[in-house]
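Here are the chains, one letter per residue:
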Amino acid sequence: MHRIIRRIGDASARRPWLTIGLWTLLAVLVIGLAGTAGGRFADDLVAPGSQSERAMELLQERFPQAAGGSAKAVFAAPEGERLDRYRPAIQAALARIAAAEDVAAVADPFATGTVSRDGRIGYAEVTFDRPSAGLGPEPVKAITGALEPVRAAGAVAEVGGDAAFINAETETSGTEVAGLLAALVVLLLVFGTVVAALVPIAIAMVTVATGLSGIALLAHAMDVTSAATSVGMLIGLGVGIDYALFIVARYRQNRTAGQDNRTALSNAMASAGSAVLFAGGAVVVAMSALLLTGLGLLASVGLGAALVVLFAVATALTLLPALLSLLGDRIDAGRVVRRRRSSAKRTEDGAWWRLAHRVSGRPWPYLLGASALLLTLAAPALWMQTGYPDAGDDRTSTTHRRAYDLLAEGFGPGHNAPLLLVADLRRPGVTAQTIPDLTERLAADPGIAAVGSPRTSPQGDAVVVPAFPTSAPADAGTSQTLERVRDLAPANVAVSGMTAMTDDLTRQLDKTLPIFIAAVLATSFLLLMVLFRAVVVPLKAAVMNLLSIGAAYGVVVAVFQWGWCADLFGLDGTYAIASPLPTIFFAVLFGLSMDYEVFLLSRIRESYDVTGDSTESVARGLAGTGRVITSAALIMTVVFLGFVAHPSPLVKMLGLGLSTAILLDATLVRMLLVPATMALLGKANWWLPRWLDRRLPHLADPATEPLPGTPASAPAATRSTAPPPTCGSRSSSTPDSHSPEPT
């Protein structure tokens, strides 16, 4: 495998202009196709096999007029006035709405009685000819513009309802630019030169541009949620910069060790490039595992993110060596940080080397201390409350949030959480004659505030009954009311509506999360076992990753659910944890943390093959990668933290969780827990039963190819026969790869 990666890098470096030209052509093609053939983003909130799905399928088959999406044009007169004073302006607006594209019908609030008791607030139900998930933002924008006569008359007019919330345009805040600038500063400190710092940024930009365009094309073939672009942007910036950072750092390190540019680049691709391939593969596997949830929402996020990571790996293995071969010595141009002299002796007596020996010398205090801190941070996760976000969780600057507040004020909070009972009159159960009895039983439930008028399909074989709870969509009481309504409904009645759909979605996520976690852990365990020819190392990696992810869960719960430091993060209140996020968090964080695991363990395994000394190999591995891994984690952390400044609470949640986990993983886990546990386990770290070793595929021939992180210039005999030094010794036979990265 490492020989293949070397050949790919060498081929790209020998024909740099051809490689760059092909990438330019590919980027133009993908971006152009995304602009012309890219599909609309649609949030597939259906939980397969759920009652809400059955209800929607029945509506689409027998009562398509009732299956279309809906929104509400909400009107409010100034305090002390009645809405009927503005009736001419409202009816003018309704006429404009009725003429808008995709609008099937619009109801007059004065004719249907949808005006509050005090006469100040009212709403017009707007029905579309398509389901809400497939509308896109244009119809909602058209309705917003059609309300201008009401605003001009002096009344308030907002657009709310399911269609408005689902299809609201995603606001941009410039956080991506801030994250890139922060990453550039870190890269300048790491490399010390402007050119070397700009190369990873350029690679990340190509990754993001092509990756997000690929997601747009994916939306042409399947339903893709708009959240896939946010997740893809986060991951694309992070891994795009990090993968290029690892290869560029190794390339410059090889040049500092005296290798010519061509050899240095070839060796960097064989070592760091191979590690990039395996690390990227771990992320792709973790994200693709979201398909196991069976939910279209998460499947699109997983496939979109995996696509972006594939572009990141491809650019790092082909476009990057082409750029480096063209730059040559100019990679060190634009020096902004004074270059320090490099020596193998300083590396083996540097801060990372000393830290590893300090931890290895007293492993128990560091192991217990770091574990206790991670467990403390993870403790709030035990009280995590999940729920699907609704318009009430959004910013007050949005029209759907203001409409949500007006509806709650005029008609009660449950008016934002309508339930839709769909009766199949072809099946035994409730009949057209007993529908009134059903509505009476519904109205008698303490959690139901009002029951709407039944609507019958044109063929008379289906009936729809709307019901409005007394509590808001995300309240626990609404979920309990939904359960009671489903219990009292006959066998031929299914309950749907946005509230029921998101509740079913949350329940299915809770059921599938353990299966998903087990699948990701098993797959990553097998991958690392094949890569490092060991059983204990991948098992330990899985446990440590669970610790850092659990700590991230805990921090998110404390900030968003409990309201700790809410002002610091610009939050208006407390929020339930969005039900898809724990699953997305696990996939993203587990995949990204495996990046650092692969890079660190590659160096440790390389040194272990040289020395046979577990403690010394950990010290050398940490000395060779600690600075680069920490820098890479810092870059990813600042990129993710940039999204905490986003106006959307959901994006804030995503950014804080990812940045916290990456920071903890690269510090407490990689710098303290790994040296401590590996010192305690000793040679058991690399234990592999002989029968298993014979059955596992060999990704590299240790006699002829280096392990990831091993310089190709080091002879195999040196790697396999050098006498192991004693713990703490500073052998003069240290490979060149352990010289520090230039700064």
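Our subject is the structure that appears above.
This text gives an overview of the structure that appears in the document. (Residues numbered from 1 in each chain as written. Predicted model: local features only at pLDDT ≥ 70, side-chain atom pairs only at ≥ 80, totals over all residues. Heavy atoms only, no water.)

### A closer look at the packing of aromatic side chains
Centre distance and the angle of the planes are the two values used to describe a pair of aromatic rings. In total, this model carries seven aromatic pairs according to the counting rule given. With centroids separated by 5.4 Å and ring planes inclined at 20°, the aromatic side chains of Phe586 and Phe590 adopt a geometry described as stacked. Separated by four residues within a single helix, Phe586 and Phe590 lie in helix H23 (residues 581-611), roughly one turn from each other. Residue Phe586 is classed as buried on the basis of its relative accessible area, which comes to 1%. According to the relative accessible area criterion, Phe590 is buried, its value standing at 2%. With centroids separated by 5.6 Å and ring planes inclined at 35°, the aromatic side chains of Tyr608 and Trp686 adopt a geometry described as tilted. With a gap of 78 residues between them, Tyr608 in helix H23 and Trp686 in the loop between helix H25 (649-681) and helix H26 (690-695) connect regions that are remote in the sequence. The exposure class of Tyr608 is buried, given its relative accessible area of 14%. Trp686 gets classed as buried once you look at its relative accessible area, which sits at 8%. Cluster of aromatic residues (ring-pair linked, three or more members): Trp383, Trp562 and Trp564. (Phe/Tyr/Trp six-rings, centres within 6.5 Å; stacked < 30°, edge-to-face > 60°. Helix = DSSP H or I, 4+ residues; strand = E, 2+ residues; numbered from the N terminus. Buried < 20%, exposed > 50% of the residue type's maximum accessible area, 1.4 Å probe, protein only.)

### Re the pattern of salt bridges
Tallying each qualifying case throughout the model produces 25 salt bridges. Salt-bridge contacts for Arg130 lead to Asp102; the nearest nitrogen and oxygen are separated by 3.0 Å. With Arg130 in the loop between strand E3 (121-128) and helix H7 (137-146) and Asp102 in the loop between helix H5 (87-98) and strand E2 (103-106), this pair connects stretches of sequence that are 28 residues apart. The closest approach of N and O atoms between Arg255 and Asp329, which form a salt bridge, is 2.8 Å. With Arg255 in helix H12 (residues 227-256) and Asp329 in the loop between helix H14 (296-327) and helix H15 (344-347), this pair connects stretches of sequence that are 74 residues apart. According to the relative accessible area criterion, Arg255 is buried, its value standing at 17%. Residue Asp329 is classed as exposed on the basis of its relative accessible area of 55%. Residues participating in the shared-partner salt-bridge network are Glu61, Arg62, Asp424, Arg426 and Asp461. (Salt bridge = Lys/Arg side-chain N within 4 Å of Asp/Glu carboxyl O.)

### Focus: the nonpolar core
What tends to happen in soluble globular proteins is that the nonpolar side chains get buried as a cluster. Within the largest apolar cluster, 173 residues are counted, with the highest numbers of intra-cluster contacts made by Tyr243, Met287 and Phe560. Once you skip the residues sitting within four places of it in the chain, Tyr243 turns out to touch Val276, Ala279, Gly280, Val283, Val309, Ala312, Val313, Ala316 and Asp595. Of all hydrophobic cores here, the second largest spans 26 residues; its members include Leu83, Val140, Leu147 and Val150. (Core = buried A, V, L, I, M, F, W, Y, C linked by side-chain atoms within 4.5 Å. Contact = heavy atoms within 4.5 Å.)

### Things to note about the sheet that holds strand E4 (residues 156-160)
Within a sheet, each strand pairs with its neighbour through backbone hydrogen bonds, oriented either parallel or antiparallel. Pairing in this open sheet of four strands is antiparallel, and the strands run E2-E3-E1-E4 from one edge to the other. Two strands bound the open sheet, and with one partner strand each, they are E2 and E4. Averaged over neighbouring strand pairs, the angle between their axes works out to 25° when direction is ignored. Pairing of strand E1 (residues 70-76) with E3 involves seven bridges; the strand directions are antiparallel. Bridge pairing in E3 places Ala76 opposite Ile121. Across the face of the sheet, H5 comes into contact with E1, E2 and E3 while running at roughly 155° to E2. (Pairing = 2+ DSSP bridges. Axes fitted to C-alpha atoms, helices over the stretch in contact; angles between N-to-C directions.)

### Observations concerning the packing of helix H24 (residues 614-642) against H25
Contact pair H24 / H25: the axes reach a minimum separation of 9 Å and the direction vectors enclose 175°. Judged on the interaxial angle alone, H25 and H24 are roughly antiparallel. Contacts from Ser614, Val618, Leu622, Gly626, Ile629, Thr630, Ala633, Met636, Thr637, Phe640 and Leu641 in H24 reach Gly655, Leu658, Ser659, Ile662, Leu663, Ala666, Arg670, Met671, Pro675 and Met678 in H25. (Parallel < 35°, antiparallel > 145°, perpendicular 65-115°, else oblique.)

### Some words on the environment of Val464
Structurally, the position occupied by Val464 is in strand E9 (residues 462-469). Judged by relative accessible area, which is 3%, Val464 ranks as buried. The spacing of Val464 and Ala66 is 398 residues in sequence and 7.9 Å in space, taken between C-alpha atoms. With residues near it in sequence (within four places) discarded, Val464 still touches Leu59, Phe63, Ala66, Leu420, Leu421, Ser453, Pro454 and Arg455.

Structural measurements only, silent on function.
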